[in-house]
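Chain and residue survey
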Amino acid sequence: QVQLVESGGGLVQAGGSLRLSCAASGSIISINTMGWYRQAPGKQRELVATITSRGSTSYADSVKGRFTISRDNAKNAVSLQMNSLKPEDTAVYYCNANIYGYSGSFRNYWGQGTQVTVSS
């Protein structure tokens, strides 16, 4: 079984910073792409940022220049540094990972979500 555990959400004023972390554990052989998604109330879940196992990154246009994704392959962990936060960044943030396990195939896993609230 594989689990993704997130931490680091909270309440911050506009212009502030937060750092989200996510660690994968369990029956893991390798991890392909890891990423962060978010879902605001009444909206669909959207991609925020992804990072491949080799460190290639991609970002949603709305967070480019403000958010930075990074990963530690040795710890099966991914982080999201969020700077210059805006009220529109308020959402539940979900960690995602494409993991090759002992089932013999890649599967997509999600964390439980962590709330980020940015006050104006």
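A quick note: this is a predicted structure, and the numbers were derived from the prediction, not measured. (Residues numbered from 1 in each chain as written. Predicted model: local features only at pLDDT ≥ 70, side-chain atom pairs only at ≥ 80, totals over all residues. Heavy atoms only, no water.)

**Brief notes about the state of the cysteines**
So the rule is basically this: Pairs of cysteine sulfur atoms within 2.5 Å are identified as disulfides in what follows. Only runs of H or I of at least four residues qualify as helices and only runs of E of at least two qualify as strands under DSSP, and these elements are numbered from the N terminus. Only protein chains enter the accessibility calculation, which uses a 1.4 Å probe; a residue is then buried when its area is under 20% of its type maximum, exposed when over 50%, and partly exposed in between.
Counting across every chain of the model gives one disulfide. One disulfide bridge connects Cys22 with Cys95, the sulfur atoms lying 2.1 Å from each other. Around the S-S axis, the bridge from Cys22 to Cys95 shows a dihedral of about -80° and counts as left-handed. Of this pair, Cys22 sits in strand β3 (residues 18–26) while Cys95 sits in strand β9 (residues 91–101), and the two are 73 residues apart along the sequence. Residue Cys22 shares its accessibility class with Cys95, and that shared class is buried.

**Examining the packing of aromatic side chains**
Let me state the cut-off plainly: Only the six-membered ring of Trp is used, alongside the rings of Phe and Tyr, when aromatic pairs are assigned; centres must lie within 6.5 Å, and planes under 30 degrees apart are stacked while those over 60 apart are edge-to-face, with the rest tilted. A positively charged side chain is recorded as over a ring if its NZ (Lys) or CZ (Arg) lies within 6 Å of the ring centre. The angle to the ring normal must also be within 35 degrees.
Per the stated rule, a full pass over the model turns up three aromatic pairs. Judged by centre distance (5.0 Å) and plane angle (65°), the rings of Tyr37 and Trp110 are edge-to-face. Placement of Tyr37 in strand β4 (residues 28–39) and of Trp110 in strand β10 (residues 106–110) is noted, with a sequence separation of 73 residues between them. Residue class for Trp110 comes out partly exposed when judged on its relative accessible area of 36%. What links up through ring pairs into an aromatic cluster is the set Tyr37, Tyr94 and Trp110. The ring of Tyr94 carries the charged tip of Arg45 above its face, separated from the ring centre by 3.7 Å. Taking NZ or CZ as reference, Arg45 lies 4.6 Å from the ring centre of Trp110, over its face.

**Topic: the sheet that holds β3**
Adjacent strands of a sheet pair through backbone hydrogen bonds, lying either parallel or antiparallel. Put simply, the rule reads: Whether two strands pair depends on DSSP finding at least two bridges between them. Axis geometry follows a simple rule: fit a line to the C-alpha atoms, using only the stretch in contact for helices, then measure angles between N-to-C directions, giving values from 0 to 180 degrees.
Strand order in the open sheet formed by four strands is β1-β3-β8-β7, with antiparallel pairing between adjacent strands. What marks the edges here is a single partner per strand, and that holds for β1 (2–7) and β7 (67–72). Within the sheet, the average angular offset between the axes of one strand and its neighbour, ignoring direction, is 15°. Of the pairings in the sheet, the one linking β7 to strand β8 (residues 77–82) comprises six bridges and is antiparallel in character. Paired with Ser70 across the two strands is Ser79, which belongs to β8.

**Some details on the nonpolar core**
To be explicit about the condition: Among the buried residues, those of types Ala, Val, Leu, Ile, Met, Phe, Trp, Tyr and Cys that are joined through side-chain atoms within 4.5 Å form a nonpolar core.
With 31 residues, the main nonpolar core has Trp36, Leu80, Met82, Tyr93 and Ile99 as its most contacted residues. A total of five residues in this core trace back to one element, the largest contributor, which is β9.

**Section: unusual backbone geometry**
Non-glycine residue Asn76 carries a positive phi angle of around 55°. Tracing the backbone through its elements, the reader meets Asn76 in the loop between β7 and β8. Asn76 gets classed as partly exposed once you look at its relative accessible area, which sits at 24%. Phi is positive for Ser84, close to 50°, though the residue is something other than glycine. By the element assignment, Ser84 lies in the loop between β8 and β9. For Ser84, a relative accessible area of 41% corresponds to the partly exposed category.

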